[in-house]
Amino acid sequence: MNERIEQLLEEIRQAAAQLKDDAAVEAYRIAYLARKGKIAALFDELKNVPKEEKPAAGKALNTLRQNAQTLLGDAVAALAADQTGAAAGVDLSLPGRRPARGHMHIVSQTVDEISSIFRRMGFSIADGPEIETDYYNFESLNFPADHPARDMQDTFFLTKNHLLRTHTTPVQVRLMEKYQPPIRAIFPGKVYRNEVISARSHVQFHQVDGLFVDRDVTFADLKGTLVTFAKMYYGSSLKYRFRPSFFPFTEPSAEMDISCYLCGAKGCRVCKHTGWLEILGCGMVDPNVFASVHVDPEEYSGYAFGIGIERTAMLRHGLDDIRLLFENDMRVNKQFN
Ligand code: DAH
């Protein structure tokens with residue numbers, strides 16, 4: 001019996017390999033699987049098998065029938081796949097086509113890279129509204145009404161009291177209103193200025209501001225953090241310097257320059273032949289700002305800084321026109337994959 005089962009299995013395997021059309025499939029089914037097929041015939045002969053061999057023989061026959069059915073199912077599925085391919089005019093042997101994949105815009109990449117450096121130094125990420133009040137954008141930051149400092153920022157006013165924020169600095173006031181020190185956060189976002197669009201300025205761009213307030217925060221802490229940032233972002237061998245500057249909300253205020261890595265500080269178009277690149281503004285939080293948020297300047301001190309995102313991306317990638325970052329010319333965008 002076993003031998004005959006083996007033989008039939010071999011025959012069925014060979015037959016299954018020849019199932020090239022529907023007619024062959026039907027013939028196979030009738031020959032082997034139908035009620036009068038060869039497998040059924042073997043089942044009939046089970047009654048002649050000696051009693052002790054019956055269970056094993058029955059089991060082997062069941063396996064044979066399952067195999068015959070699986071082979072049939074596979075052949076039918078293969079035929080169906082062939083037909084769909086042919087009907088749709090699809091050549092399944094062609095190599096696949098890669099789907100077009102997008103990538104982050106260079107401005108977003110720059111925000112992410114800067115954020116990740118500050119996060120590693122323990123800063124959290126905060127957010128604030130793009131439509132601000134005069135109070136948060138100017139007054140609380142120690143820009144007195146009618147003070148010429150307001151002219152530093154050409155503002156889009158929406159109403160007498162509402163405007164598109166000209167910098168991300170107002171988020172520091174919102175944070176200090178909401179949380180008690182210690183506060184250590186950066187706040188990236190969009191800012192707006194009523195400027196003539198040119199290679200150097202745009203009406204909408206991005207900044208990331210930072211704030212650190214705690215007991216005993218000093219200018220040395222500010223320098224340590226910002227030098228670490230600059231080295232991580234621009235390269236560890238750079239030279240740097242802090243120049244005195246003025247912002248209404250910091251005292252003292254400074255701007256940070258790094259040696260021009262494009263020309264090795266020899267002087268080039270990008271550093272305007274000075275050998276230095278200005279990368280950010282910073283300073284110690286002015287006591288008047290602390291007063292507007294009821295933080296005691298006797299107990300706490302803090303530093304703040306502001307970085308222009310487009311400027312940073314342009315310096316890092318040697319771009320000479322900010323408009324390249326906003327026109328969505330794919331020839332430009334694709335270079336920053
Ligand atoms: N808000 C300033 C600007 O838009 C940049 C800035 C300078 C932000 C110094 C700061 C800072 O937080 O401390 O030009």
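Now for a quick tour of the structure. Because the structure is predicted, anything quoted here is derived from the model rather than measured.

## Digging into the pairing of strand β7 (residues 250-259)
The buried fraction of β7 is high, at eight of 10 residues. Between the antiparallel neighbours strand β6 (residues 240-247) and β7 lie two residues. For β7 and strand β8 (residues 276-285), the ladder comprises eight bridges, and the chain directions are antiparallel. Along β8, the bridge assignment pairs S253 with G283.

## What about the packing of helix α2 (residues 22-33) against helix α3 (residues 38-45)?
For the pair α2 and α3, interaxial distance at closest approach is 4 Å and the crossing angle is 5 degrees. In terms of axis orientation, α2 runs roughly parallel to α3. On α3, the residues touching A31, Y32 and L33 of α2 are K38, I39 and A40. Residue composition of the contact of α2 with α3, by class: five nonpolar, no polar and one charged.

## Structural notes on the nonpolar core
Core analysis: the largest hydrophobic core is formed by 44 residues, its most contacted members being F118, L226, M256 and F305. Counting residues per element, this core draws most heavily on helix α8 (residues 219-234), at seven residues. Among all residues touching F118, those that are not within four sequence positions of it are F123, I186, T225, L226, F229, F305 and I307. Residues F138, L141, F187 and F247 belong to the second largest nonpolar core, which totals 24 residues.

## Considerations on the sheet that holds β7
In spatial order, the strands read β1-β4-β5-β9-β8-β7-β6; together these seven strands make up an open sheet with mixed pairing. The two strands at the open ends of the sheet, each matched to only one other strand, are β1 (124-125) and β6. Of the pairings in the sheet, the one linking strand β5 (residues 204-214) to strand β9 (residues 301-308) comprises eight bridges and is antiparallel in character. Bridging from a neighbouring strand, V213 pairs with G302 of β9. Across the face of the sheet, helix α7 (residues 170-178) comes into contact with β4 (183-192), β5, β8 and β9 while running at roughly 140 degrees to β4. Sheet strands touched by α8: β6, β7, β8 and β9. Its angle to β8, the strand with the most contacts, is close to 150 degrees.

## Some words on the layout of surface pockets
Of the volumes computed, that of the largest pocket is approximately 1,200 Å³. R200, E255, E278, G308 and R311 are the residues nearest the centre of the largest pocket, which is lined by 46 residues in total. Broken down by secondary-structure element, the contributors of at least two residues to the lining of the largest pocket are β5, β6, β7, β8, β9 and α10 (309-317). It is β8 that contributes the most residues to the lining of the largest pocket, seven residues altogether. In this structure, the second largest pocket spans a volume of roughly 170 Å³. Along the lines of polarity and charge, the residues of the lining of the second largest pocket split into four nonpolar, five polar and two charged.

## A few points about the pattern of salt bridges
Counted by the stated rule, this structure contains 12 salt bridges. A salt bridge links E45 to R4; the shortest N-O distance between them is 2.4 Å. In this pair, E45 sits in helix α3 while R4 sits in helix α1 (residues 2-17), placing the two residues 41 residues apart along the sequence. Given a relative accessible area of 27%, E45 falls into the partly exposed group. Where R316 meets E113, a salt bridge forms, and the shortest distance between an N and an O atom there is 3.0 Å. Of this pair, R316 sits in helix α10 while E113 sits in helix α5 (residues 106-120); the two residues are 203 residues apart in sequence, bridging distant segments of the chain.

Here is what the cut-offs are and how they apply
Residues numbered from 1 in each chain as written. Predicted model: local features only at pLDDT ≥ 70, side-chain atom pairs only at ≥ 80, totals over all residues. Heavy atoms only, no water. Buried < 20%, exposed > 50% of the residue type's maximum accessible area, 1.4 Å probe, protein only. Helix = DSSP H or I, 4+ residues; strand = E, 2+ residues; numbered from the N terminus. Pairing = 2+ DSSP bridges. Axes fitted to C-alpha atoms, helices over the stretch in contact; angles between N-to-C directions. Parallel < 35°, antiparallel > 145°, perpendicular 65-115°, else oblique. Contact = heavy atoms within 4.5 Å. Nonpolar A, V, L, I, M, F, W, Y, C, P; charged D, E, K, R; others polar. Core = buried A, V, L, I, M, F, W, Y, C linked by side-chain atoms within 4.5 Å. 1 Å grid on protein atoms, 1.4 Å probe; cavity = no way out; pocket = protein on both sides within 12 Å on 5 of 7 lines; lining within 4 Å. Points joined across faces, edges and corners; volume = space filled by probe spheres on them. Salt bridge = Lys/Arg side-chain N within 4 Å of Asp/Glu carboxyl O.

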